[in-house]
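Understanding the architecture of this molecule
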Amino acid sequence: MNTLVDDAKQHGSAVGLSVDRITINGGKPLQGRIELKGAKNLVTKAMVAAILGDTPSVLKDVPNISDVRIVRGLLEVHGVTVTEGEEDELILDPSAVETAHMADIDAHAGSSRIPILFCGPLLHRLGEAFIPDLGGCRIGDRPIDYHLEVLRNFGAIVEKLPSGIRMSAPNGLHGAKVSLPYPSVGATEQVLLTAVLADGITELSGAAIEPEIMDLVNILQKMGAIITVDTDRVIRIEGVDKLDGYTHRALFDRNEAASWAAAALATEGDVFVGGARQAEMLTFLNVYRKVGGAFEIHEDGIRFYHPGGELKPVIIETDVHPGFMTDWQQPLVVALTKAKGVSIVHETVYEQRFGFVDALVEMGASIDVHKECLGGRPCRFGQRNFQHSAVISGPTQLHGADIEVPDLRGGFSHLIAALTAEGRSTVSNVGIIARGYENFITKLELLGADFELEG
Ligand code: EPZ
């Protein structure tokens, strides 16, 4: 069976989504209000951090998405008791952490890359850790070399087995001087989750400083860690002997906020995104305004809307924070098909994140992808045959088509495309969207989308 279909079904069923396909009658503006919960890219890491505590942790605002289900399953096979507290709250008790079998880890990990982040905490607690072959969205090679190098720096012994990787730390883990070749989000989290209980001081240079990472730092500080974040991508961690559990309300999901904002613009709608905040979205908001979108910042969220008039083309380069996030480009590209003129999106974080545009082209968009670094500065993918710059000419009117979700953010952009298109579209493999968008079907309903679900 097609693994993409399998993957979609697995993600959908994890959150009770029993359908694979949505048929959307496009052309209706999205209007109304939706509420955000905690960020997928923080919540899943915060759940792993609970392993480090001597007492239970309480995480609030946890979204019902399949990536959370996967991490919950992984924690449970490692002996962590996970219970649901008050609304959207998880209580994570690590007092009986134990080694899990590779087969169990593999069965629970599905296509997630999260198991790699279990390594530091498990090495501290148990002296060993296993990780299966890792998946994640199909948006490039997504290697784990930085992670393995980081763990080796702390003194871990890494053995490659036919079924995955085994790590051990017979002499414990020790603070280290670590320098990342690229400010990787995951590798920075790896350093944080490992250094907090390592013996001595760790100095990380070339760190990623995404708001989700800063929220993880907040959590670790609540647990008892000593972490200093400098302005030059240097993070210093003084290892401590023990950490306690935390109680924390997760940072809102700014990637979801940007996705609904793009949907409001592309459908000429008006969406209030409850829980969205300005500070973590400054860069997105600037681009949104340049394209011709309007927004109002409120205390309890941000209203995103199309103020009328023509949309304008832009040149964007995705980058690490505080740049324009790679996860924001796919939904926004759909709105750019409606802008008058030529827009350029230069993707500098992942080498293959334009697979989703094929479907948009089939629907009538004019998008060409190039291997050159268009739009400004050269990036590490230039001269390497990766189709990582997109040129979008508009305005074009999209028309309905049968399309298939390729990955999480690309999938959401397909939903937006179908919502803006003239006529009917069928979007299949929508289960993948459940990895990171909580209750997206209910939210579409709330916003007045015209659609039917198919099994
Ligand atoms: C996180 O992925 C997010 N995932 C991604 O969100 C997000 O797009 C990305 O950060 C960038 O912001 C989660 O938080 C679960 P990286 P991560 O390590 O940590 C290369 C979404 O849709 N690299 O910052 O895996 C890598 O190939 C997802 O929500 C290595 O070469 O990203 C990429 O080109 C998708 N070796 C670049 O670094 C390594 O060992 C940045 O990746 C690690 C990474």
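Higher on the page you've got the structure.
So, a few notes on the structure that sits alongside this text. These numbers come from a predicted model, not from an experiment.

**A closer look at the sheet that holds strand 8 (residues 164-168)**
- The sheet built from three strands is open, its strands ordered 6-8-7 with antiparallel pairing. Of all the strands in the sheet, the pair left with one neighbour each is strand 6 (128-132) and strand 7 (157-161). Looking at each pair of strands side by side, their axes are set apart by 20 degrees on average, direction ignored.
- Pairing of strand 6 with strand 8, which is carried by five bridges, proceeds in the antiparallel orientation. In the sheet register, Glu128 faces strand 8, and the bridge partner there is Ser168.
- Sheet contacts for helix 4 (residues 102-109): strand 6, strand 7 and strand 8; angle to strand 6, the most-contacted strand, approximately 50 degrees.

**Quick word on the sheet that holds strand 4 (residues 81-84)**
- On the basis of which strands lie adjacent, the open sheet formed by four strands has the order 4-5-3-13 and mixed pairing. Both outer strands of the open sheet, strand 4 and strand 13 (247-249), are each paired with one neighbouring strand and no more. For this sheet, the mean angle separating the axes of adjacent strands, direction not counted, is 15 degrees.
- Pairing of strand 4 with strand 5 (residues 90-93), which is carried by four bridges, proceeds in the antiparallel orientation. Its bridge partner lying in strand 5, Glu84 is registered against Leu90.

**Here's the deal with the site of the ligand**
- The ligand sits among 24 residues. The nearest are Lys45, Asp145, Ser184, Val185 and Val349.
- At 2.8 Å, a backbone N or O of Gly186 approaches an oxygen atom of the ligand.
- With respect to the ligand, the side chain of Arg409 contributes an N or O atom lying 2.7 Å from an oxygen atom.
- At the level of elements, helix 2 (40-49), helix 6 (145-153), helix 7 (185-195), helix 11 (326-336) and helix 13 (408-420) are the ones that each hand at least two residues to the shell around the ligand.
- For the shell around the ligand, the per-class residue count stands at ten nonpolar, five polar and nine charged.
- Looking at which domains feed residues into the shell around the ligand, each of domain 1 (3-36 + 252-454) and domain 2 (40-249) supplies at least three.

**What about the packing of helix 3 (residues 66-77) against helix 4?**
- Packing of helix 3 against helix 4 leaves a shortest axis separation of 8 Å and a crossing angle of 165 degrees. Our classification of the angle between helix 3 and helix 4 gives roughly antiparallel. Crossing geometry of helix 3 relative to helix 4 is assigned as right-handed. Across the interface between the two elements, Ile70, Gly73, Leu74 and Val77 of helix 3 pack against Asp104, Ile105, His108 and Ala109 of helix 4.
- Residue composition of the contact of helix 3 with helix 4, grouped by class: five nonpolar, two polar and one charged.

**Quick word on helix 10 (residues 282-291)**
- Along helix 10, the residues that are buried comprise Phe284, Leu285, Val287, Tyr288 and Val291. Considered in projection along helix 10, the buried side chains sweep an arc of 165 degrees and stay on one side of the axis. Helix 10 presents Arg289 and Lys290 as exposed residues on the side facing more than 90 degrees away from its buried surface.
- Looking at the buried side of helix 10, the elements it contacts are helix 9 (254-266), strand 15 (294-298), strand 16 (301-305), strand 17 (315-317) and helix 11.
- At the C-terminal side of helix 10, Gly292 shows a positive phi close to 115 degrees.

**With respect to the packing of aromatic side chains**
- Evaluation of the coordinates by the stated rule reveals ten aromatic pairs.
- Consider the rings of Phe324 and Trp328, whose centres lie 5.3 Å apart with planes at 80 degrees: the pair is edge-to-face. Summarising the burial analysis for this pair, Phe324 and Trp328 share the class buried.
- Within the aromatic cluster, the residues linked to one another by ring pairs are Phe284, Tyr288, Phe304, Phe324 and Trp328.
- Over the face of the ring belonging to Tyr305 we find Arg303, whose NZ or CZ atom lies 3.7 Å from the ring centre.
- The lysine or arginine in question, Arg380, covers the ring of Tyr182, its NZ or CZ lying 3.6 Å from the ring centre.

**Re the pattern of salt bridges**
- In total, this model carries 30 salt bridges according to the counting rule given.
- Across the pair Lys37 and Glu438 runs a salt bridge, and its minimum N-O distance is 2.6 Å. Within this pair, whereas Lys37 is found in the loop between strand 2 (31-35) and helix 2, its partner Glu438 is found in the loop between strand 22 (424-428) and helix 14 (440-446), the two being separated by 401 residues in sequence.
- Look at Lys37 and you get buried, because its relative accessible area is 16%.
- In this structure Glu438 comes out as buried when scored by relative accessible area, which is 4%.
- For Lys371, the salt bridge goes to Glu372, with nearest N and O atoms at 3.8 Å.
- With a relative accessible area of 36%, Lys371 lands in the partly exposed category.
- What makes Glu372 partly exposed here is its relative accessible area of 41%.
- Linked through salt bridges whose partners overlap, the residues forming this network are Lys177, Glu203, Asp230 and Arg236.

**Points about the side chain of Arg409**
- Of note, Arg409 is situated in helix 13.
- Residue classification places Arg409 among the buried residues on the basis of a relative accessible area of 2%.
- Non-local contacts of Arg409, meaning those with residues more than four positions away in its chain, are made with Lys40, Asn255, Asp327, Gln330, Pro331, Arg353 and Tyr437.

**Quick look at the environment of Ile157**
- Within the element layout of this structure, Ile157 appears in strand 7.
- Classification of Ile157 as partly exposed rests on a relative accessible area of 41%.
- In contact with Ile157, not counting residues within four places along its chain, are Arg166, Met167, Ser168 and Pro170.

Definitions and limits used
Residues numbered from 1 in each chain as written. Predicted model: local features only at pLDDT ≥ 70, side-chain atom pairs only at ≥ 80, totals over all residues. Heavy atoms only, no water. Pairing = 2+ DSSP bridges. Helix = DSSP H or I, 4+ residues; strand = E, 2+ residues; numbered from the N terminus. Axes fitted to C-alpha atoms, helices over the stretch in contact; angles between N-to-C directions. Contact = heavy atoms within 4.5 Å. Near = heavy atom within 4 Å. Polar contact = N/O pair within 3.5 Å; in protein donor to acceptor, adjacent residues only side chain to side chain. Nonpolar A, V, L, I, M, F, W, Y, C, P; charged D, E, K, R; others polar. Domains from an automatic or database assignment. Parallel < 35°, antiparallel > 145°, perpendicular 65-115°, else oblique. Left-handed = near helix turned anticlockwise from the far one by under 90°. Buried < 20%, exposed > 50% of the residue type's maximum accessible area, 1.4 Å probe, protein only. Arc of directions from axis to C-beta. Phe/Tyr/Trp six-rings, centres within 6.5 Å; stacked < 30°, edge-to-face > 60°. Lys NZ or Arg CZ within 6 Å of the ring centre and 35° of its normal. Salt bridge = Lys/Arg side-chain N within 4 Å of Asp/Glu carboxyl O.

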